[in-house]
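# A structural walkthrough
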Amino acid sequence: MPDRFAQKLLQWYDSHGRHDLPWHHNRNAYRVWVSEIMLQQTQVTTVIPYFEAFMERFPDVQALAEAPVDDVLSHWSGLGYYARARNLQKAAQTVVRDFGGEFPQTQEELESLTGIGRSTAAAILAQAFGIRAAILDGNVKRVLARYHAIPGWPGQTAVLNQLWQRAEEHTPEQRVRNYTQGIMDLGAMVCTRSRPACDSCPLQHGCQAYARRETSLYPGSKPRKAKPEKTTWMMILQDSEGRILLERRPPSGVWGGLWSLPELDPAYGADELQEACEQNLGLDCGEPELISGFRHTFSHYHLHIQPARLNVASGSKSIADQGHLKWLHRHEALNLGLPAPIRLLLTKPEQTALL
DNA sequence: AAAACGTGGAA
DNA sequence: TTTCCAAGTTT
């Protein structure tokens, strides 16, 4: 019995798939690569404006490799998973230095570039070079888990291995570019997470989950865990010129590499805030003004952010623009790749007055 | 193997 | 309001 899976999918793609996304134009390995990295765990509609601006500023791998890292991060600000941006530039430098500015065309070499894993490498091979390679993103996982009624949560290695095997089986020799785009489109537009449009699905015949009317059971859901609650101080330090102090965050950890308001351990307590601030930053600070905090929810925990505003004597400018600290005016600060919640703090109308 | 890594939209 | 999860990879 011949496998009609790819054939039916390609037929559907020709009339119903997405043929007009920004990275489909002027297609080359660089544009495909950047789009694939941006699209990791990120929806298409979110990525599009970032992709356009990024390509305007960094039109090729050379431009990206040579750019200041702050420039790269600022173009990523608000997109999340900032390690992607740092890895992207590092990989660009590798491509320029080790591959003569041309992207390699093997799975192994692509995966050697930081930020490129199995699925992204395959996507680049298929999309940019038309080389047969199986992808397995969230869309494909959902389509295959349903089509073959594969039980369990894809986060489990055993489940993931079955999905990869099916992905490899179905990937055709011909038209891989359209096939990989098509199966993602099907997952995004027809085989959706909730209320899939099975009546207009080209793979309805043969779909095990549909045959049992159990599409909602696949893929299995992630076991839920309670999110830990964390607390932190965010200091708004302002000098007599109205400038605020920013610090560069360490490369690992949340908002890695971005500039943010200086953060202080909540263990200090509100009463020790001034002293702790002076001690940590080496400044003469005034009395802290506590501002009502807010809770920010991350993937794995809740963060209670407690802002505090301090006026800093302009005499204590010795640390200005040294190391990881920087005095900036508000309009300059917004262009430095500030993480979204902090940008929120700086720009929300009801909170702007704080600065 | 499991946790960490972000943000915005949908349910 | 809270949870889930979306074109995953790294540690």
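Residues numbered from 1 in each chain as written. Chains lettered and ligands numbered in written order. Predicted model: local features only at pLDDT ≥ 70, side-chain atom pairs only at ≥ 80, totals over all residues. Heavy atoms only, no water.

Test applied: UniProt positions are given in the numbering used here, feature names are shortened, and annotations may be inferred rather than shown by experiment.
An unreviewed UniProt entry lists chain A under the name Adenine DNA glycosylase, with Marinobacter metalliresistant as the source organism. Its UniProt record, at the heading Sequence similarities (unreviewed entry), says of chain A: "Belongs to the Nth/MutY family." Its UniProt record gives chain A the following Catalytic activity (unreviewed entry) comment, quoted word for word: "Hydrolyzes free adenine bases from 7,8-dihydro-8-oxoguanine:adenine mismatched double-stranded DNA, leaving an apurinic site."

### Things to note about helix α3 (residues 44–57)
Note on helix geometry: an α-helix contains 3.6 residues per turn, so any two residues three or four positions apart are oriented the same way. Rules: Numbering goes from the N terminus for both helices and strands, where a helix is a DSSP run of H or I of at least four residues and a strand is a run of E of at least two. Helices are assigned an expected span. That span is 1.5 Å times one less than the residue count. We call a residue buried when its accessible area falls under 20% of the maximum for its residue type, exposed when it is over 50%, and partly exposed in between, using a 1.4 Å probe and counting protein chains only. Residue contacts are counted whenever heavy atoms from the two residues lie within 4.5 Å of one another.
Here α3 spans 20 Å end to end across 14 residues, near enough to the 20 Å set by a 1.5 Å rise per residue. For α3, the full list of buried residues reads V47, Y50, F51, F54 and M55. Elements in contact with the buried residues of α3: α2 (29–38), α4 (61–66), α5 (69–76) and α6 (83–98).

### Section: the protein's contact with DNA strand B
Put simply, the rule reads: Here, proximity means that at least one heavy atom of the residue falls within 4 Å of the molecule or strand. Throughout, the ten residues Ala, Val, Leu, Ile, Met, Phe, Trp, Tyr, Cys and Pro are labelled nonpolar, Asp, Glu, Lys and Arg are labelled charged, and all others, Gly among them, are labelled polar.
As a structural note, the neighbourhood of DNA strand B is formed by 21 residues, with Y81, Y82, T157, W255 and S299 the closest of them. In the interface set of DNA strand B, defined as its atoms within 4 Å of the protein, sugar plus phosphate atoms amount to 55%. For the surface near DNA strand B, the elements supplying multiple residues, two or more each, are β6 (294–297) and α15 (340–347). When the residues that make up the surface near DNA strand B are grouped by side-chain class, the tally is 9 nonpolar, 11 polar and 1 charged.

### Comments concerning the pattern of salt bridges
Stated formally: Salt bridge, as used here: a side-chain nitrogen of Lys or Arg that lies within 4 Å of a carboxyl oxygen of Asp or Glu.
Counted by the stated rule, this structure contains 12 salt bridges. R295 is the partner of E229 in a salt bridge, and the nearest nitrogen-oxygen pair spans 3.1 Å. Remark: R295 occurs in strand β6 and E229 occurs in strand β1 (residues 229–238); sequence separation between them is 66 residues. Classification of E229 as partly exposed rests on a relative accessible area of 48%. Taking relative accessible area as the criterion, R295 reaches 48% and is therefore assigned partly exposed. R309 is paired through a salt bridge with E289; the nearest N and O atoms lie 2.9 Å apart. Residue R309 is found in strand β7 (residues 302–311), and its partner E289 is found in strand β5 (residues 289–290); the two are separated by 20 residues along the sequence. By relative accessible area, which is 19% here, R309 ends up buried.

### A short note on the protein's contact with DNA strand C
As a reminder, the rule being used: By the criterion applied in these results, polar contacts are pairs of N or O atoms within 3.5 Å in which, for protein atoms, one can donate a hydrogen and the other can accept it, and in which residues neighboring in sequence qualify only through two side-chain atoms.
Among the 25 residues in the neighbourhood of DNA strand C, the closest are listed as L39, Q41, G115, D137 and N139. Here DNA strand C approaches the protein such that, of its atoms within 4 Å, sugar and phosphate make up 66%. Within the contact set of DNA strand C, a base nitrogen lies 3.2 Å away from a side-chain nitrogen or oxygen of R18. In this structure, a phosphate oxygen belonging to DNA strand C sits 2.9 Å away from a main-chain N or O atom of G117. Those elements giving two or more residues to the surface near DNA strand C turn out to be α8 (118–129), α9 (138–147) and α11 (176–189). Of the residues contributing to the surface near DNA strand C, the split by class is 6 nonpolar, 11 polar and 8 charged.

### With respect to the UniProt feature "domain: HhH-GPD" (unreviewed entry) in chain A
The UniProt record marks residues 38–189 with the feature "domain: HhH-GPD" (unreviewed entry), using the residue numbering of this structure. Annotation note: span residues 38–189, helix share 66%, strand share 0%, distance between end C-alpha atoms 20 Å.

### Notes on the packing of aromatic side chains
So the rule is basically this: Two aromatic rings, drawn from Phe, Tyr or Trp (for Trp, its six-membered ring), form a pair once their centres lie within 6.5 Å of each other, and the interplanar angle then sorts them: stacked below 30 degrees, edge-to-face above 60, tilted otherwise. Any Lys NZ or Arg CZ found within 6 Å of a ring centre and within 35 degrees of that ring's normal is scored as a charge over the ring.
Scanning all chains against the criterion turns up 8 aromatic pairs. For the ring pair F54 and W76, a centre distance of 6.0 Å and an interplane angle of 85 degrees mean the geometry is edge-to-face. Note that F54 is positioned in helix α3 and W76 in helix α5, a separation of 22 residues in sequence. Both residues of the pair, F54 and W76, belong to the buried class. Its end group placed over the ring of W164, R118 keeps NZ or CZ at 3.7 Å from the ring centre. In this structure, R213 packs its charged tip against the face of Y210, placed 4.2 Å from the ring centre.

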